[in-house]
Amino acid sequence: MTAPAGIPSRPTPRSAATIAGVGAIALWSLLALFTAASGAMPPFQLAATTFLIGAVCGCVAWIARPARARALIQPWPVWILGVGGLFGYHALYFSALRLAPPAEAGLISYLWPLLIVLFSARLPEAGGLRPGHLIGALLGLAGIAVLFAGRGDLGFAAGALPGYAVALAAAFVWAGYSVLSARVGQVPTDAVAGFCLVTAALSLACHLAFETTIWPADAAQWGAVLLLGLGPVGAAFYLWDIGCKHGDVRLLGVIAYAAPVLSTLILVVTGYASPGPGLALACLLIVAGALTAVRASRASPKPV
């Protein structure tokens, strides 16, 4: 039965899950702002703290329904996938930032949305890879390239090749985690709390091994750390899990290119950054890519 004219129909479970994934992307656009406001806390220490907050938030739901804690009882391949995705990506990304200039490392690591679109063609429920998804992903990638190039500090150097390789590995890890999550759709999202907890422990170990502890200097910085743990490093991973397992992962891969542009816009509005010459063009390219992918998702299947 269709909804009467003028009354919007309820979103399907698949579209609702996709919206949840878009929510994760929106939260990730706040990552740079909250990180900048959190002070000088080293990366692994910040990851350990915020993933612990994210894990606790997930565990709070178990108070009302203790049976949901059984979600932690999963086969070891599921744990390898979850912890490998969350901790593996962040460890590789932080390492890339140490071995290569941040702009180049960030651009290379942001190949993961394109890789998601490509990898998702192997999912039987995705219906194959349609040309519109690939075109949309390439437009998004072009937008990110314009955004980074507009900073004026891109200059790939041979001496930073190890860092570039690590950044590329990070892109493959996150894309693989996102797409393979759809293969284990029967695993409840409550299990993400356990993945976050182990990621926090591993990040703490890396912090103690490689970094010097620096705590936030004031209440404002502590507030930023708390918001990081609640949002971009907390709720976002639960929403992303729902989107990847039950939504349109190809569409999410394309829309993910909006996160760094939104992040840059937020930094400009809040005074943490100045507008670059390529920001408007990057926005246009990413919006065009997202619209192309949306149209492809609604069209009849024409896999490539």
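Given the structure is predicted, the values throughout are model-derived calculations rather than measurements.

## A word on helix α12 (residues 258-269)
Okay, step 1: The end-to-end C-alpha distance of α12 is 16 Å, a good match for the 16 Å that 12 residues give at a rise of 1.5 Å each.
Okay, step 2: Within α12 the residues assigned to the buried category are Ala258, Ala259, Pro260, Val261, Ser263, Thr264 and Leu267.

## Thoughts on the packing of aromatic side chains
Okay, step 1: Scanning the model with the defined rule gives 18 aromatic pairs in all.
Okay, step 2: Ring geometry for Tyr89 versus Tyr93: centroids 5.9 Å apart, planes at 10 degrees, classification stacked. Highlighted residues: Tyr89 and Tyr93, both in helix α4 (residues 76-99), separated by four residues, approximately one helical turn.
Okay, step 3: Exposure remark for Tyr89: the relative accessible area of 12% places this residue in the buried category.
Okay, step 4: By relative accessible area, Tyr93 is classed as partly exposed at 23%.

## Quick notes on the packing of α4 against helix α9 (residues 191-210)
Okay, step 1: Remark: α4 packs on α9, axes separated minimally by 9 Å, with the N-to-C direction vectors making an angle of 50 degrees. Overall, the two elements α4 and α9 adopt an arrangement that is oblique. Here the hand of the crossing between α4 and α9 comes out right-handed. Together, Val78, Trp79, Gly82, Val83, Leu86 and Phe87 of α4 and Gly194, Phe195, Cys196, Val198, Thr199, Leu202, Ser203 and Cys206 of α9 make up the contact between the two elements.

## As for the side chain of Thr18
Okay, step 1: Among the structural elements, Thr18 can be located in helix α1 (residues 13-28).
Okay, step 2: By relative accessible area, Thr18 is classed as buried at 9%.
Okay, step 3: Among residues more than four places away in sequence, those in contact with Thr18 are Gly247, Asp248, Leu251 and Leu252.

Conventions adopted
Residues numbered from 1 in each chain as written. Predicted model: local features only at pLDDT ≥ 70, side-chain atom pairs only at ≥ 80, totals over all residues. Heavy atoms only, no water. Helix = DSSP H or I, 4+ residues; strand = E, 2+ residues; numbered from the N terminus. Expected span 1.5 Å × (residues − 1). Buried < 20%, exposed > 50% of the residue type's maximum accessible area, 1.4 Å probe, protein only. Phe/Tyr/Trp six-rings, centres within 6.5 Å; stacked < 30°, edge-to-face > 60°. Axes fitted to C-alpha atoms, helices over the stretch in contact; angles between N-to-C directions. Parallel < 35°, antiparallel > 145°, perpendicular 65-115°, else oblique. Left-handed = near helix turned anticlockwise from the far one by under 90°. Contact = heavy atoms within 4.5 Å.

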